[in-house]
There are 2 protein chains.
Amino acid sequence: MAYKENYPSALLTEAVEAISSLPGVGRRSALRLALHLLKQPAENVHHFTSAIDHLRDDVRYCRRCRMISDDEICSICSDHTRDQQLICVVESVRDVMSIEATGQYHGVYHVLGGIISPIAGVGPSDLNIKELVERIKVMEVPSSAEVILALSGDVEGETTAFYIYRQIEETGIKVSSLARGLGFGDDLEYADSLTLGRSIVNRQIFKP
Amino acid sequence: MAYKENYPSALLTEAVEAISSLPGVGRRSALRLALHLLKQPAENVHHFTSAIDHLRDDVRYCRRCRMISDDEICSICSDHTRDQQLICVVESVRDVMSIEATGQYHGVYHVLGGIISPIAGVGPSDLNIKELVERIKVMEVPSSAEVILALSGDVEGETTAFYIYRQIEETGIKVSSLARGLGFGDDLEYADSLTLGRSIVNRQIFKP
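Computed from a predicted structure; not experimentally measured. Numbering of residues begins from 1 in every chain and follows the order in which that chain's sequence is written. Labels are handed out in written order, letters beginning with A for the chains and numbers beginning with 1 for the ligands. Restriction of local features to residues with pLDDT of at least 70 applies here, the model being predicted, together with a cutoff of 80 or more for giving and counting side-chain atom pairs; totals for whole chains, interfaces and linings are based on all residues. No hydrogens and no water enter the side-chain calculation; it runs on all heavy atoms of the structure.

### Comments concerning the relation of the copies chain A and chain B
Least-squares fitting of chain A to chain B yields an RMSD of 0.1 Å, with the transformation described by 0.0 Å of translation along the axis and a rotation of 180°. Viewed as a symmetry operation, the transformation between the two copies matches a two-fold axis. If distances are taken from each C-alpha of chain A to the rotation axis, the shortest is found for Thr49 of chain A, at 2.6 Å. Whether two residues are in contact is decided by their heavy atoms: any pair within 4.5 Å suffices. The residues that chain A uses at the interface reappear at the interface of chain B in 100% of cases, marking a shared surface. The fit set for superposing copies consists of C-alpha atoms from residues with pLDDT of at least 70 in both; the fit itself is least squares.

### Regarding the nonpolar core
To form a nonpolar core, buried Ala, Val, Leu, Ile, Met, Phe, Trp, Tyr and Cys residues must be joined to one another through side-chain atoms within 4.5 Å. When a residue's accessible area, from a 1.4 Å probe over protein chains only, is under 20% of the maximum for its type it is buried; when over 50% it is exposed; and in between it is partly exposed. Counting 122 residues, the largest nonpolar core has Leu12, Ile19 and Ile164 of chain A together with Leu12, Ile19 and Ile164 of chain B as its most contacted members. With residues up to four places along the chain from it excluded, the contact list for Leu12 of chain B reads Leu55, Ile68 and Met97 of chain A together with Tyr7, Leu31, Ala34 and Leu35 of chain B.

### A word on the side chain of Ser176 of chain B
Per the convention used, a helix needs a DSSP run of H or I reaching at least four residues, while a strand needs a run of E reaching at least two, with both numbered from the N terminus. Summarising the element assignment, Ser176 of chain B is placed in strand β6 (residues 174-177). Taking relative accessible area as the criterion, Ser176 of chain B reaches 19% and is therefore assigned buried.

### Let's talk about the interface of chain A and chain B
At the junction of the two partners, chain A supplies 55 residues and chain B supplies 55 residues. Surface buried jointly by chain A and chain B totals about 5,200 Å² across both partners, of which 69% is contributed by carbon and sulfur atoms. In the sections that follow, a salt bridge refers to a side-chain nitrogen of Lys or Arg positioned within 4 Å of a carboxyl oxygen of Asp or Glu. Scanning the region where chain A abuts chain B turns up zero salt bridges. Among the elements that take part in the side of chain A that touches chain B, helix α3 (residues 42-58) of chain A stands out by supplying 13 residues, more than any other. Charged residues are taken to be Asp, Glu, Lys and Arg, nonpolar residues to be Ala, Val, Leu, Ile, Met, Phe, Trp, Tyr, Cys and Pro, and polar residues to be all remaining types, Gly included. For the side of chain A that touches chain B, the residue count by class is 33 nonpolar, ten polar and twelve charged. A 1.4 Å probe defines the accessible area here, and the buried area is the portion of it lost by two parts on being joined, summed over both.

### Comments concerning the domain arrangement of chain A
Taken as a whole, chain A is organised into domain 1 (1-41), domain 2 (82-177) and domain 3 (180-208). Computed over C-alpha atoms, the centres of domain 2 of chain A and domain 3 of chain A are 25 Å apart. Where each domain begins and ends follows an automated or database-derived domain assignment.

### A few points about the pattern of salt bridges
All names here are of chain A. Tallying each qualifying case throughout the model produces twelve salt bridges over all chains. Between Glu146 and Lys174 there is a salt bridge whose closest N-O contact spans 3.7 Å. You can see Glu146 sitting in strand β5 (residues 146-149) and its partner Lys174 sitting in strand β6 (residues 174-177), a full 28 residues away along the chain. According to the relative accessible area criterion, Glu146 is buried, its value standing at 19%. On the basis of relative accessibility, which here comes to 51%, the residue Lys174 falls in the exposed class.

### Focus: the sheet that holds strand β5 (residues 146-149) of chain B
Residues and elements named next belong to chain B. Sheet architecture is open: four strands sit in the order β4-β3-β5-β6, paired in parallel fashion. Lying at the two open borders of the sheet, with one neighbouring strand each, are β4 (107-111) and β6. Within this sheet the neighbouring strands show an average axis-to-axis angle of 25°, counted without direction. Strands are treated as partners if at least two bridges between them are detected by DSSP. Two strands pair when backbone bridges link them, and strand β3 (residues 83-90) and β5 are joined in this way by four bridges, in the parallel orientation. Each bridged residue has a counterpart across the sheet, and for Leu86 the counterpart in β5 is Glu146. With axes taken as lines fitted to C-alpha atoms, and helix axes fitted only over the stretch in contact, angles between N-to-C directions fall between 0 and 180 degrees. In this fold helix α4 (residues 93-102) packs onto β3 and β4, with an angle of close to 160° to the strand it touches most, β4.

Structure representation (structure tokens):
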């Protein structure tokens, strides 16, 4: 006889299936992880699973920018040393973390929670776009503020940026997007022609 | 300001720490997985965590061979088409699965649950060695049975094999170990000299 589905126990089969549902985790890795968890003290495993349940069940989002937050208003939105008139619009929580890690940005954020994608069935109403428009409309002088559309350079990103632009242009707010060009240390020879072309058109004054 | 520990929320920090405690999962992957789980429906996440809790809390081990099993006696030990007089001694659950996957073995197993390792603080009493000795002692004619010591070829494996051999030699049971030699398809040029040496000493009659 061989094992049913190659696993000696239904409990193990279920755990391996659950773990291999994670992105980038195959069945072999899932088995390795399941057997690892089996060897840990029960309290460690419960700590592991409850940390995940706790995150999923009790996570809160900032009422203003929709970033993950422990409080009603996140630490960035409530930080008055940051420029509250400069709003960087991003797709995800992760993008906020990436930009924060640069240490180069001192404004605030607005997390869309996704990107417009007809293929994935995501429309504007599924995203926090209305909340962004409201946020701008309650500003005293929107024309002295700026929105940076920090979205990806693919079709979905461009579509989303264009949709948001049309929603907010009447407020008179300044709208910008991320600079595109060669990465630092990139070799001209290996750059794609679209990026290289944009780098030439949007060239900058040389500051030695 | 930067995020405390670079995460926007204590819940997220805890989940990332829990996930990155898994072997081979770094903090970047852990963050990716945590944000993935955050986007899933709550019931999917609960299914994921409860499958793991369920495995850890309710797993059973075969009373005879100590393999993971849903029943008191596992499906291999209760399969009477298998040779119950041929016991393959392995370190772990995973080894049983690997040998089963070969389809070449039709005896039963005994899972030690580890290997003797003074460095890791694992002694003979931490392993299912006493249970193996008992199993052999209750056999009607141990001398007609065989134990295969299918342990790894390193110092710990050799030590464990030797320890077990000394425990069971008085029963008169036949004791064997895995054949060592070049792997199928291995190139002589790249084989280590110990393996190549053993391959020559333990050469087999050519069967074309």
